[in-house]
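# Fold and geometry: a report
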Amino acid sequence: MTDHDHDHDRTVKPMVDEITDFEVLEIALRELCIEKGIFTAEEHRRFTEFAEQIGPTPAARLVAKAWLDPEFKKLDLAEPMTARKEVGVDWMEPSSFGTPSDFTAFQILADTPTVHNVIVCALCSCYPRPILGNSPEWYRTPNYRRRMVRWPRQVLAEFGLYLSDEISIRVQDSNQKHRFMVMPLQPEGTEGWDEDQLAEIITRDCLIGVALPKAGVTTNVITEPRPALHPGTAG
Amino acid sequence: MTERIDALQAIVERNQVWPRMAAKWGVENPVPPWKTSLDGLCDALDHASCDADVPNFKERRDEEDALSATVYSGLPYPENQLVSLAHSLVARGIIDEAELKKRLVSIRERLDAL
């Protein structure tokens, strides 16, 4: 018998127990910038905290609520800046002071049976971070950015999303002042589901527009970034 | 802009990239622990670009794209983002290479101290 009751079988997750050059480099850049007065340690801490707490959950909730409540859907589409407060995101003050690349107009693009929306930033990697979290690696690549605006149907197929020719694809280019997310249609087989169940299948990929929600699918597509190849010259 | 920088080249060659480190230590996290601090660093720089002589968001991302496709094409993300940022800051004279080298040594000594 022991004099305490905590669980001795608990295991600690492994961690990288060595200092990498990249970790050292990140600290070095940060310290030198602070010492040169480019930004303060406090500013860096607050931006880092912002980066740590963002994710796609608020956006999924926004869509789930809209699927369940036609009035909320109207609010989503007409006043997205008001609607996102319902899911705990105050875009104007994402970290009490805003971030330079997120202080922006926001619009929700609703899919219809004949129009599918997908977002991109052809210029760099603008993304609705306060409500959708950090963009995935592939979203940042020139390959996705350049090819999505030219050959959306082919690029979507690479994500495993094959749309029939009757469905037109609208590619919305984000920019420094305008951010977008997609509101997909509620899929078959989810009638009677509650908000939690629905939010689980509204993945980040669905909110970007490279996937459609489907009962039983709760993970994103995994794609390897690849160099850009022009269809006319490839293979 | 794409001229090689010795201090950064040494880091590339040592290749302590996260996929390799994570496999070596049996770690499942998809990104290295310094990623959000790098995000904070990029945001802080973008925020400062109106007042300080640093690249703005667009310039920073353009240079990252160009460098990630050339000098640092062998690095995965986000290592290529970090090293490209360092390259931009050194190439623009915001951080001196000798100063960076010295700082890399002193930080490693600090972190390795027991």
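Values in this document were obtained by computation on a predicted structure and should not be read as measured data.

## Quick word on the overall build of chain A
- Within chain A one finds eleven helices and four strands.
- Taking all 235 residues of chain A together, the buried fraction comes to 39%.
- In chain A, the proportion of contacts linking residues at least 24 apart, taken out of those at least 6 apart, comes to 73%.

## Regarding the confidence of the model for chain A
- On average, residues of chain A carry a pLDDT of 87, and 84% of them reach 70 or more.
- Taken element by element, the predicted model of chain A shows its lowest mean pLDDT in helix α5 (residues 80-83) of chain A (86) and its highest in strand β2 (residues 115-120) of chain A (98).

## Notes on the interface of chain A and chain B
- The interface is formed by 35 residues belonging to chain A together with 43 residues belonging to chain B.
- Here the side of chain A that touches chain B gets 13 residues from one element, more than from any other, and that element is helix α1 (residues 21-35) of chain A.
- Of the residues assigned to the side of chain A that touches chain B, the class counts are 19 nonpolar, seven polar and nine charged.

## Regarding unusual backbone geometry
Residue and element names in this part refer to chain B.
- Here Tyr77 and Pro78 are connected by a cis peptide whose omega angle stands at 5°.
- As for its position among the elements, Pro78 is in the loop between α4 (57-68) and α5 (79-91).
- In the Ramachandran plot, Asn15 falls in the positive-phi region, its phi being about 60° despite a non-glycine side chain.

## Some words on the packing of α4 of chain B against α5 of chain B
Residues and elements named next belong to chain B.
- Interaxial distance between α4 and α5 falls to 9 Å at its minimum, and their mutual angle equals 115°. One finds that α4 runs roughly perpendicular with respect to α5. The handedness of the crossing between α4 and α5 comes out as right-handed. The residues of α5 that touch α4, namely those facing Arg60, Glu63, Glu64, Leu67 and Ser68, are Asn80, Gln81, Ser84, Leu85, His87 and Ser88.
- Considering only residue class, the contact of α4 with α5 consists of two nonpolar, six polar and three charged.

## Concerning the domain arrangement of chain A
- When its domains are assigned, chain A resolves into domain 1 (21-51) and domain 2 (56-208).
- On a C-alpha basis, the centres of domain 1 of chain A and domain 2 of chain A stand 30 Å from each other.

## Here we look at helix α3 (residues 35-48) of chain B
- Between the first and last C-alpha of α3 of chain B there are 20 Å, a value that for 14 residues agrees with the 20 Å anticipated at 1.5 Å per step.
- Burial of α3 of chain B is extensive: twelve of the 14 residues sit out of reach of the surface.
- When α3 of chain B is considered as a whole, its buried residues turn out to be Lys35, Ser37, Leu38, Asp39, Gly40, Leu41, Cys42, Asp43, Ala44, Leu45, Asp46 and His47 of chain B.
- Residues of α3 of chain B that are buried make contact with α1 and α2 (41-53) of chain A together with α4 and α5 of chain B.

## Quick notes on α4 of chain B
Residues and elements named next belong to chain B.
- With twelve residues, α4 ought to run about 16 Å at 1.5 Å a step, and its terminal C-alpha atoms sit 16 Å apart, in line with that.
- All buried positions along α4 are accounted for by Arg60, Arg61, Glu63, Glu64, Leu67 and Ser68. For α4, the angular spread of buried residues about the axis comes to 165°, placing them on one side.
- Of the surrounding elements, those touching the buried residues of α4 are α3 and α5.

Cut-off values and rules
Residues numbered from 1 in each chain as written. Chains lettered and ligands numbered in written order. Predicted model: local features only at pLDDT ≥ 70, side-chain atom pairs only at ≥ 80, totals over all residues. Helix = DSSP H or I, 4+ residues; strand = E, 2+ residues; numbered from the N terminus. Buried ≥ 20, exposed ≤ 12 C-beta atoms within 10 Å, placed from the backbone. Contact = placed C-beta atoms within 7 Å. pLDDT = per-residue confidence, 0-100. Nonpolar A, V, L, I, M, F, W, Y, C, P; charged D, E, K, R; others polar. Axes fitted to C-alpha atoms, helices over the stretch in contact; angles between N-to-C directions. Parallel < 35°, antiparallel > 145°, perpendicular 65-115°, else oblique. Left-handed = near helix turned anticlockwise from the far one by under 90°. Domains from an automatic or database assignment. Expected span 1.5 Å × (residues − 1). Arc of directions from axis to C-beta.

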